[in-house]
Amino acid sequence: MSNQLNSKANILIVDDDVLIAESIRFLIKKAGYNSIGIAVSGAQAIELAKEKQPNLILMDINLGDSIGGITAATEIQEFADIPFIFLTAYSDPATIEKAKKVGPFGYLIKPFDNREVLVAIETALYKHSFDKKIKEQELLFRTVANHAYEWESWLLPDLKFKYCSPSCERVTGFKDIEFMSNPHLLSEIVHPDDRESFEYHINKFHSEKIDETVEGFEFRINDKFGRVKHIRHTCISIIDEKDNYLGRRVTNVDITERMEAQEALKESEVRYRRLVDNAPISIAVYQNGVFVFVNTFGLKLMGASSPADLLGKSVLEIVHPDSLNEVVNRMLLVANSSELPAFEERLIKLDGTIFDAEVTASSTLFNGKPAAQVIVKDITERKLIENELKKYREHLEDIVEERTLELTSSEERFKKLSELSKDSISRIDRNYRLCYANSILASRWGTKIENILGRSFKELGAPKEIVNIEEAAIKKVFTTGKENRIELNLPSGQWIDWYLVPEFNALNEVETVLGFGRDITEIKNLQENIQKAFVKEKELNEIKTNFVSFASHEFRTPLTSIQSSTDLLKLFGRTWSEEKYNKYLSQIGSSVDEMTHMLNQVLTLNKAEKGKQKFEVDLIPLRSLIEEVIKNIETLPYFNHNVEVIYNIQNNEFFLDGEIIKRILNNLVSNSVKYSPSESAITLSISQQENYLHFSVQDYGIGIPKNELKNIFEPFHRASNVGSAEGSGLGLAIVKQMVELHKGTMSVESEIKKGTKILFSINIEKD
């Protein structure tokens with residue numbers, strides 16, 4: 001056995017016989033090891049082990065002091081992982097048995113020859129190193145498995161758990177110890193509708209050795225809290241080196257969020273199709289190479305009279321034959337990518353007309369399945385101009401001897417074509433300066449052509465960010481000799497599609513760059529409007545749902561009361577006493593008043609939103625107004641609170657709409673009374689700062705959930721923790737509108753079970 005691996009190892013010798021210790025030190029030093037010292041007692045061995053941290057200790061069992069070799073080895077093992085070889089002159093079973101408990105890596109019986117010592121040292125060092133690696137690997141495996149996000153487990157052939165990672169609790173709510181102690185727990189929580197397929201899978205793949213790896217088996221569970229979870233299950237056989245089947249390694253992934261997202265996506269596709277179908281750009285979707293959707297503008301572009309003319313047709317049927325291979329490659333790319341940059345293609349209309357198109361392709365989902373969306377723009381007109389320019393360059397290369405004359409003639413043709421174009425056209429040199437510009441480009445700068453020639457975009461005053469983008473794009477054309485295209489968002493809000501084409505000289509070097517800029521602001525705005533339309537539609541649907549819920553709930557109760565009271569009066573009214581008769585009439589009147597109040601709230605909110613709410617400012621005594629509000633609130637049947645009013649104002653009279661201020665304060669203070677414990681305090685504070693009055697209403701009631709604060713001023717919204725307390729969800733929406741009539745602002749601070757503080761400020765200027 002070679003000792004190359006363990007040479008230079010540090011060895012501590014512990015023996016109270018100095019001659020034996022010195023002979024061992026001479027031997028190990030000659031063999032290439034380092035002797036870091038000799039200890040003649042157990043106490044000295046412990047101190048040297050702490051100080052020197054040796055790789056191996058040769059320990060005499062019987063030392064002269066009271067500690068002894070075995071005791072010293074035991075204490076050293078408490079603070080360091082150091083292997084031992086025990087040296088002893090006694091081989092009696094009792095001594096050997098006592099030494100075994102320490103876990104030595106070998107024994108040497110005195111007297112011993114040199115070869116025995118070296119073999120024992122090398123064996124101990126190698127075995128300790130090997131054991132250490134195994135422990136590290138086991139620690140690494142358990143650390144990775146225990147901290148894995150997914151639920152990892154080892155199922156034995158009898159379907160009991162050999163190992164279950166702690167992530168099972170995140171997925172199921174049950175701890176790993178529960179699965180380890182109950183082998184049937186997993187089957188018990190499987191959703192009843194999926195139990196048959198789950199048991200078939202378990203019986204087929206887990207009970208015996210099957211080399212097949214199962215990926216993507218899906219089933220549902222009911223977790224510990226009754227929630228349905230979707231699980232993706234992967235398993236593979238575990239085989240030892242002797243080909244024994246040890247069970248299956250299982251990975252269970254919680255895919256509930258993904259499944260819910262897929263359902264939400266299906267619902268949004270309907271709205272998406274409606275908006276896209278009416279968009280003024282050509283949009284189509286294909287799956288497996290076949291059109292499954294084409295919007296109205298796209299049908300018109302392709303010359304189709306109805307969707308049936310294109311749906312079900314292969315994409316390749318509308319592609320020019322010369323481009324088929326390129327199109328197939330692009331279709332493969334978009335199937336594996338989220339989006340492809342805009343590219344040009346020759347397409348064929350249904351009547352056989354060939355046209356040039358700019359196409360943008362991106363991967364999407366259609367009916368919940370992978371698909372590709374394409375946006376097509378007819379660029380025939382632009383291509384005509386580009387082809388003319390290309391012909392112009394080819395003409396220069398073919399007739400070198402007539403270069404001077406042709407350059408003049410072609411330049412004139414170029415200028416005439418560029419002036420006819422609706423796009424901006426420019427020629428740019430290596431210093432980024434304009435050596436040609438058409439009138440469209442000059443008009444974008446708001447000046448004449450001669451004022452921009454010979455100047456760079458930087459010298460013309462373009463923003464630094466735009467200049468950096470433009471110069472980088474131009475530099476790329478000069479460097480690569482290839483065309484380049486970018487989109488620019490100008491400070492004016494315009495979006496420009498800038499197409500850069502290299503111009504080569506006789507040496508085939510890029511001499512200048514031609515720039516073609518098309519205004520695509522309308523298309524960009526359309527994309528933004530489509531997104532806004534999605535958001536607006538969602539908001540309108542939420543308001544509609546809330547209103548229907550409010551109307552059905554809040555009107556049904558008083559209507560039911562009116563109906564029942566009316567029926568009772570019809571049946572028994574003539575036999576009742578006048579007092580009882582009037583009681584039911586009064587009940588009908590109260591229900592009518594309640595419905596009238598709710599309708600007035602809706603009408604008030606509607607007037608405020610449309611700007612029709614009356615707003616009449618007058619000089620109002622504020623303290624008297626607040627006292628009147630407090631007296632009204634004290635008459636409420638559920639009032640049993642201590643309302644404190646704190647004034648920090650210089651004057652008493654202010655220019656206000658008194659009725660509106662009453663409504664605001666009445667609503668806010670009565671809300672505090674309604675949602676606060678009986679006998680609790682409510683504080684109304686008023687302060688003045690320049691032209692504004694600042695109000696705050698503080699209570700110590702139920703509070704508002706943090707995630708609902710953003711919706712608290714929305715019509716018909718009521719916090720989820722209000723319980724059975726009556727209310728329409730309109731009060732705060734109306735208050736906010738009233739505050740805004742006073743050119744004020746409003747905010748709310750709240751914490752569950754600690755109370756709510758509503759603040760608002762109003763302008764008190766006379767005008």
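Since we're looking at a predicted model, the values are computed, not measured.

A.B. asks: So what about the overall build of the protein chain? Which residues, and what values?
C.D. replies: For the protein chain, the helix and strand inventory stands at 22 helices and 27 strands. Excluding contacts between residues fewer than 6 apart, the proportion of contacts in the protein chain whose partners are at least 24 apart in sequence is 54%. Taken as a whole, the protein chain presents about 43,800 Å² of accessible surface, with 52% of it coming from carbon and sulfur.

A.B. asks: I'd like a rundown of the environment of Gly701, residues and numbers included.
C.D. replies: Tracing the backbone shows Gly701 in the loop between β25 (692-698) and α22 (731-741). Through-space distance from the C-alpha of Gly701 to that of Thr756 is 6.9 Å; in sequence the pair is 55 residues apart.

A.B. asks: Explain the nonpolar core to me, and be specific about the residues and the numbers.
C.D. replies: In this structure, Leu622, Leu656, Ile664, Leu665, Leu668, Leu693 and Phe760 are the most contacted members of the largest nonpolar core, which totals 38 residues. Of all the secondary-structure elements, those providing two or more residues to this core are α20 (622-634), β23 (653-656), α21 (658-674), β24 (681-689), β25, α22, β26 (745-751) and β27 (755-763). With seven residues, the top contributor of residues to this core is α21. Counting residues in each nonpolar core, the second largest holds 25 residues, with Ala304, Phe343, Val359 and Val374 among its members.

A.B. asks: Tell me about the pattern of salt bridges, and name the residues and values.
C.D. replies: Side chains that differ in sign of charge can pair as their charged atoms come close. In total, this model carries 28 salt bridges according to the counting rule given. Arg170 is the partner of Glu150 in a salt bridge, and the nearest nitrogen-oxygen pair spans 3.8 Å. Of this pair, Glu150 sits in the loop between α5 (114-146) and β6 (151-155) while Arg170 is found in helix α6 (residues 168-172), placing the two residues 20 residues apart along the sequence. Lys524 is paired through a salt bridge with Glu487; the nearest N and O atoms lie 2.9 Å apart. Placement of Lys524 in helix α17 (residues 521-554) and of Glu487 in strand β18 (residues 484-489) is noted, with a sequence separation of 37 residues between them. Each of Glu344, Glu358, Lys377, Arg382, Lys383, Arg485 and Asp497 takes part in salt bridges that share partners, so that together they form one network.

A.B. asks: Provide a residue-level description of the sheet that holds strand β2 (residues 34-39), including the pertinent values.
C.D. replies: Strand order in the open sheet formed by five strands is β2-β1-β3-β4-β5, with parallel pairing between adjacent strands. Of all the strands in the sheet, the pair left with one neighbour each is β2 and β5 (107-109). Neighbour-to-neighbour, the strand axes of this sheet turn through a mean angle of 20°, independent of strand direction. Here strand β4 (residues 84-88) pairs with β5 via three bridges, running parallel. Bridge pairing links Leu87 to Leu108 in β5. Sitting on the sheet, helix α2 (residues 42-52) is in contact with β1 (10-14), β2 and β3 (56-60), with an inclination near 150° to β2.

A.B. asks: Could you give an account of the sheet that holds β24, naming the residues involved and the relevant values?
C.D. replies: Overall, mixed pairing links the five strands, which are arranged β22-β24-β25-β27-β26 in an open sheet. Looking along the sheet, the strands with just one partner apiece sit at the ends: β22 (642-648) and β26. The mean inter-strand angle of the sheet, taken between neighbouring strand axes irrespective of direction, is 10°. Two strands pair when backbone bridges link them, and β25 and β27 are joined in this way by seven bridges, in the antiparallel orientation. Following the sheet pairing, Ser696 is matched in β27 by Leu759. Running at roughly 170° to β22, α20 makes contact with β22, β24 and β25 of the sheet. Strands β24, β25, β26 and β27 of the sheet are contacted by α21, whose axis makes an angle of about 175° with β27.

A.B. asks: Just give me the short version of α20, but keep the residues and values in it.
C.D. replies: With 13 residues, α20 extends 19 Å between its outermost C-alpha atoms, agreeing within 8% with the 18 Å of an ideal straight helix rising 1.5 Å per residue. Those residues of α20 lying buried are Leu622, Leu625, Ile626, Val629, Ile630 and Ile633. Buried residues of α20, viewed axially, fall in a sector of 135°; they line one side. As for α20, its buried residues are in contact with β21 (618-621), β22, β23, α21, β24 and β25.

A.B. asks: Account for the packing of aromatic side chains, naming residues and giving values.
C.D. replies: For the structure on display, the rule yields 11 aromatic pairs. Look at Trp151 and Phe179: their rings are 4.9 Å apart centre to centre, the planes differ by 50°, and that puts the pair in the tilted class. Residue Trp151 is located in strand β6, and its partner Phe179 is located in helix α7 (residues 176-181); the two are separated by 28 residues in the primary sequence. Like Trp151, the residue Phe179 is buried in the burial classification.

A.B. asks: Give a description of unusual backbone geometry that names residues and reports values.
C.D. replies: Phi at Asn508 takes a positive value of approximately 60°, unusual for a residue other than glycine. By relative accessible area, Asn508 is classed as exposed at 58%. The phi dihedral of Lys753 is positive, around 65°, even though this residue is not glycine. Of note, Lys753 is situated in the loop between β26 and β27.

A.B. asks: Could you give an account of the side chain of Gln287, naming the residues involved and the relevant values?
C.D. replies: Mapped onto the elements, Gln287 comes out in strand β11 (residues 282-287). Gln287 gets classed as buried once you look at its relative accessible area, which sits at 15%. Among the polar contacts listed, one links the side chain of Gln287 to the backbone oxygen of Phe366, at a separation of 2.8 Å. A polar contact of 3.4 Å, which involves the side chain of Gln287, links it to the backbone oxygen of Lys369.

A.B. asks: Go over the packing of α2 against helix α3 (residues 69-79) with me, naming the residues and quoting the values.
C.D. replies: Working note: a packed helix pair is described by the angle between its axes plus the distance between those axes. Running from amino to carboxyl end, α2 crosses α3 at an angle of 20°, the nearest separation of the two axes being 9 Å. Judged by the angle between their axes, α2 and α3 are roughly parallel. Remark: the crossing between α2 and α3 carries right-handed chirality. Together, Gly42, Ala45, Ile46, Ala49 and Lys50 of α2 and Ala72, Glu75, Ile76 and Phe79 of α3 make up the contact between the two elements. Residue composition of the contact of α2 with α3, by class: six nonpolar, one polar and two charged.

A.B. asks: Describe the pairing of strand β15 (residues 369-378), and please don't skip the residues or the numbers.
C.D. replies: Direction of pairing for β11 relative to β15: antiparallel, over a ladder of five bridges. By the bridge assignment, Val285 is partnered in β15 with Gln373. Alignment of strand β14 (residues 354-366) against β15, held across 10 bridges, turns out to be antiparallel. Across the sheet, the residue bridging to Thr364 is Ala371, located in β15. Between β14 and β15, which pair antiparallel and follow one another directly, the connecting turn spans two residues, one of which, Asn367, has a positive phi of 55°.

A.B. asks: Talk me through a nonpolar patch on the surface; I want residue IDs and the actual numbers.
C.D. replies: On the surface, Leu316, Val328 and Leu332 cluster together into a nonpolar patch covering about 230 Å² of accessible area. Checked against the element boundaries, Leu332 lands in helix α12 (residues 324-335). Classification of Leu332 by relative accessible area gives exposed; the value is 52%.

A.B. asks: Mind laying out the environment of Thr74, listing which residues take part and the relevant values?
C.D. replies: Mapped onto the elements, Thr74 comes out in helix α3. In this structure the C-alpha to C-alpha distance between Thr74 and Val102, which are 28 residues apart in sequence, comes to 6.1 Å.

A.B. asks: Explain the pairing of strand β19 (residues 495-504) to me, using residue names and the numbers behind them.
C.D. replies: Taken across its 10 residues, β19 has eight buried, putting it largely inside the fold. Strand direction decides the pairing type here: β18 and β19, joined by six bridges, are antiparallel. Bridged to Leu488 within β19 is Ile496. Here β18 folds back onto β19 in antiparallel fashion, the turn holding five residues, of which Gly493 has a positive phi close to 100°. As defined by bridge partners, β19 adjoins strand β20 (residues 510-519) across nine bridges and the pair is classed as antiparallel. From the neighbouring strand, Tyr499 faces β20, where its bridge partner is Phe516. Hairpin connection of β19 to β20: five residues between the antiparallel strands, including Asn508 at a positive phi of 60°.

Here is what the cut-offs are and how they apply
Residues numbered from 1 in each chain as written. Predicted model: local features only at pLDDT ≥ 70, side-chain atom pairs only at ≥ 80, totals over all residues. Heavy atoms only, no water. Helix = DSSP H or I, 4+ residues; strand = E, 2+ residues; numbered from the N terminus. Contact = heavy atoms within 4.5 Å. Areas by Shrake-Rupley, 256 points an atom, 1.4 Å probe, with all protein chains shown as cover. Core = buried A, V, L, I, M, F, W, Y, C linked by side-chain atoms within 4.5 Å. Buried < 20%, exposed > 50% of the residue type's maximum accessible area, 1.4 Å probe, protein only. Salt bridge = Lys/Arg side-chain N within 4 Å of Asp/Glu carboxyl O. Pairing = 2+ DSSP bridges. Axes fitted to C-alpha atoms, helices over the stretch in contact; angles between N-to-C directions. Expected span 1.5 Å × (residues − 1). Arc of directions from axis to C-beta. Phe/Tyr/Trp six-rings, centres within 6.5 Å; stacked < 30°, edge-to-face > 60°. Polar contact = N/O pair within 3.5 Å; in protein donor to acceptor, adjacent residues only side chain to side chain. Parallel < 35°, antiparallel > 145°, perpendicular 65-115°, else oblique. Left-handed = near helix turned anticlockwise from the far one by under 90°. Nonpolar A, V, L, I, M, F, W, Y, C, P; charged D, E, K, R; others polar. Patch = residues over 30% accessible without salt bridge, like charges linked within 9 Å, V, L, I, M, F, W, Y side chains within 5 Å.

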